[in-house]
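# Coordinate analysis (summary)
Residues per chain, in single letters:
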Amino acid sequence: AQTVTQSQPEMSVQEAETVTLSCTYDTSESDYYLFWYKQPPSRQMILVIRQEAYKQQNATENRFSVNFQKAAKSFSLKISDSQLGDAAMYFCAYRSSTNTGTASKLTFGTGTRLQVTL
Amino acid sequence: DSGVTQTPKHLITATGQRVTLRCSPRSGDLSVYWYQQSLDQGLQFLIQYYNGEERAKGNILERFSAQQFPDLHSELNLSSLELGDSALYFCASSPTGQGRETQYFGPGTRLLVL
């Protein structure tokens, strides 16, 4: 079974600075998808960014980018020019590319709480 | 706004009771997923439906059941409720349930069992 590990329960960053959230995963599959979701105090789960394992190029979405290291099974999220609105819980998630059984589910890490200070 | 709606937003009930949580997927999405977020278990997959049929089952208790109706909305039924069932229940949807698709989450239903 796949597992996702987020080893940083909490992180803090100053406004306008850059922060990197770590995520590692364990899988025997070669094709899969990785996601970062943001959960602000409203508790809504918001997709931040996704990465296809077959793509070598790291995904970017405005101020958010990932560092995907397939061999190391690492998928970190970099937030540039941090804003107060970035304060939230961030979850890393894994999804298999196969479509049978429970493979279509998302497997989540335990989350990293990001605090943004002035 | 993800386009996924869930009702009610909050639910307070007593142990032993039964509740029904409702989810409407994004327009055009055929697949619905249910997840539970609790303090001790984190975010866990419960069950998936595709076009009215159960496709995958995760860590769902026997006291819990779900269904997806012809109009594609889904309901999660929780019975014989226990204190430990207090959690945030999310519904998510995707077009066909395939691995490459992103799942979009609803706002969740916060259940408190007293």
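Before reading further, recall that the structure is shown in the block above.
Here we summarise the structure given alongside this text. Nothing here was measured: the structure is a model prediction, and the numbers come from that model.

Here the focus is the state of the cysteines. Residue and element names in this part refer to chain A. For the coordinates displayed, the defined rule picks out two disulfides over all chains. Between the sulfur of Cys 23 and that of Cys 92 lies a disulfide, 2.0 Å long from S to S. On the sign convention where negative is left-handed, the bridge of Cys 23 and Cys 92, at about -70° about the S-S bond, is left-handed. With Cys 23 in the loop between strand S3 (19-21) and strand S4 (24-26) and Cys 92 in strand S10 (residues 88-96), this residue pair connects regions lying 69 residues apart in the sequence. In this pair, the class of Cys 23 matches that of Cys 92, namely buried.

All right, on to the sheet that holds strand S7 (residues 64-68) of chain B then. Residue and element names in this part refer to chain B. As summarised here, the arrangement of the four strands in space is S1-S3-S8-S7, forming an open sheet in which the pairing is antiparallel. A strand with exactly one partner marks an edge of an open sheet, and here the two such strands are strand S1 (5-7) and S7. Going across the sheet, the axis of each strand differs from the next one's by a mean of 15°, ignoring polarity. The pairing of S1 with strand S3 (residues 19-24) spans three bridges and is classified as antiparallel. Each residue of the ladder has a partner; that of Thr 5, found in S3, is Ser 24.

Residue and element names in this part refer to chain B. Within the secondary structure, Glu 82 sits in the loop between strand S8 (74-78) and strand S9 (87-94). When its relative accessible area of 44% is taken as the criterion, Glu 82 is described as partly exposed. As for Glu 82 and Gln 17, which are separated by 65 residues in sequence, their C-alpha atoms are 8.5 Å apart. With sequence-adjacent residues up to four places away left out, Glu 82 is seen in contact with Thr 15, Arg 63 and Val 113.

What counts and how
Residues numbered from 1 in each chain as written. Chains lettered and ligands numbered in written order. Predicted model: local features only at pLDDT ≥ 70, side-chain atom pairs only at ≥ 80, totals over all residues. Heavy atoms only, no water. Disulfide = S-S within 2.5 Å. Helix = DSSP H or I, 4+ residues; strand = E, 2+ residues; numbered from the N terminus. Buried < 20%, exposed > 50% of the residue type's maximum accessible area, 1.4 Å probe, protein only. Pairing = 2+ DSSP bridges. Axes fitted to C-alpha atoms, helices over the stretch in contact; angles between N-to-C directions. Contact = heavy atoms within 4.5 Å.

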